[in-house]
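# Coordinate inspection notes
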Amino acid sequence: MQNNECMVDKFYTCSCFCTDNIFLKDYKLHVKYVSEEQVKWDYQHILKTLGCTTVAQYDVVLKKIHAEVERRKSLSVKSAERAEHIKKHYTPLHPNVYHLEEAYLVPEFINLVQYSLGKDATKEGLLKLIHSETAQRVYRFPLFTKDFCHELIEELEHFEESDAPKGRPNTMNNYGILLNELGFDEAFITPLRELYLTPVTSLLYPDCGGTFLDSHKAFVVKYSMNEDLDLSYHYDNAEVTLNVSLGKEFTEGNLYFGDMRQVPLSETECAEVEHCVTEGLLHRGQQMHGALPISSGLRWNLIVWMRSSQERNRLCPMCNKRPVLVEGDGFADGFTKADIRAQRALCALH
Ligand SMILES: O=C(O)CCC(=O)C(=O)O
Ligand SMILES: [Fe+2]
């Protein structure tokens, strides 16, 4: 084996990506698609109760499912094409925001990280510095400076206004930007995850992969009065999620958190969480949550779905089965060949 092969983790997607968790926005329903017959069998009844009562409406549902499956099949090729185009043709307004610098982080956050890196650090000690656990295991703390949030939003808006092609984060958000395509992964999100967030998540979420977050999917979401207003109740394709409120000015639009995804909503008491501009919020990806509608203004949030291959190689969080690996680009969906660590150990011996 060559040296460089030893160094680079290869990431995969689970085959369920093309069949599971297809979101029907009109009915706020996630469905699985294997065949039209199966869709009819599994969802026709529930769709009727949600207002899909005519043949024409049902045909629209089927069309949307097919379109989404096709979109997912061609996603990685199209995404790579967009990234290439952006790299060649897009000129950033603020090139500096693509490189993480400690000056973008507030001293309170650096303090949390420094504490977490200490050899005597404990979860209890860290929680004394964080103060706010606003819902079950949801932690909120100041993260970026106001100036940085302002510059980042200016950059995002500049990109939005450009004629560059845009990849949207997922089927639930119609607005927002995939940050890997824009070139934020290497020098911003990866160091943020590795150097600053993992020390903290190691203490807060050791039971859900927080000690070994080896990849991520990062994007920004945008809500405004004539675009998306809110985000339905869902869980993330992540072990641990970072959500940072970047601005601008808005009213309402609080987040709400329920229980882990296995618990039905009828047995859940949700807790509302106010999310202030410049603050970061950490939560378990598998904890159900959503965003309430804004009532005015414009709300931009940075979302980092952080993944632990060690966790997800055992069980795909989206289909809840052992993942069936499909080749992907970049971090794909964060799965690795389970023996990757053993391979690394071997490489180290050579
Ligand atoms: O709008 C928000 O702050 C929540 C976004 C979110 O939960 C997601 O994109 O996974
Ligand atoms: Fe989410």
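Residues numbered from 1 in each chain as written. Chains lettered and ligands numbered in written order. Predicted model: local features only at pLDDT ≥ 70, side-chain atom pairs only at ≥ 80, totals over all residues.

### Digging into the overall build of the protein
Across its full length, the protein carries 11 helices and 16 strands. The C-alpha atoms of the protein give a radius of gyration of 21 Å, which matches the 20 Å a tight globule of 350 residues would have. Structurally, the protein occupies a C-alpha span of about 60 × 55 × 50 Å along its principal axes. (Helix = DSSP H or I, 4+ residues; strand = E, 2+ residues; numbered from the N terminus. Rg over C-alpha atoms; globule rule 2.2 N^0.38 Å.)

### Quick look at the packing of helix α2 (residues 36-49) against helix α3 (residues 55-73)
For the pair α2 and α3, the least separation of the axes is 12 Å and the interaxial angle reads 130°. Relative to α3, α2 is oriented oblique. The crossing of α2 and α3 is right-handed. Side by side, α2 and α3 meet where Glu-36, Val-39 and Leu-47 of the first sit next to Tyr-58, Val-61, Leu-62 and Ile-65 of the second. When grouped by side-chain class, the residues that make up the contact of α2 with α3 number 6 nonpolar, no polar and 1 charged. (Axes fitted to C-alpha atoms, helices over the stretch in contact; angles between N-to-C directions. Parallel < 35°, antiparallel > 145°, perpendicular 65-115°, else oblique. Left-handed = near helix turned anticlockwise from the far one by under 90°. Contact = placed C-beta atoms within 7 Å. Nonpolar A, V, L, I, M, F, W, Y, C, P; charged D, E, K, R; others polar.)

### Some remarks on the UniProt feature "domain: Fe2OG dioxygenase" (unreviewed entry) in the protein
Using the residue numbers shown here, the UniProt feature "domain: Fe2OG dioxygenase" (unreviewed entry) corresponds to residues 214-308. The distance from the first to the last C-alpha atom of residues 214-308 is 6 Å, and the span holds 0% helix and 62% strand. (UniProt positions renumbered as here; feature names shortened; annotations may be inferred.)

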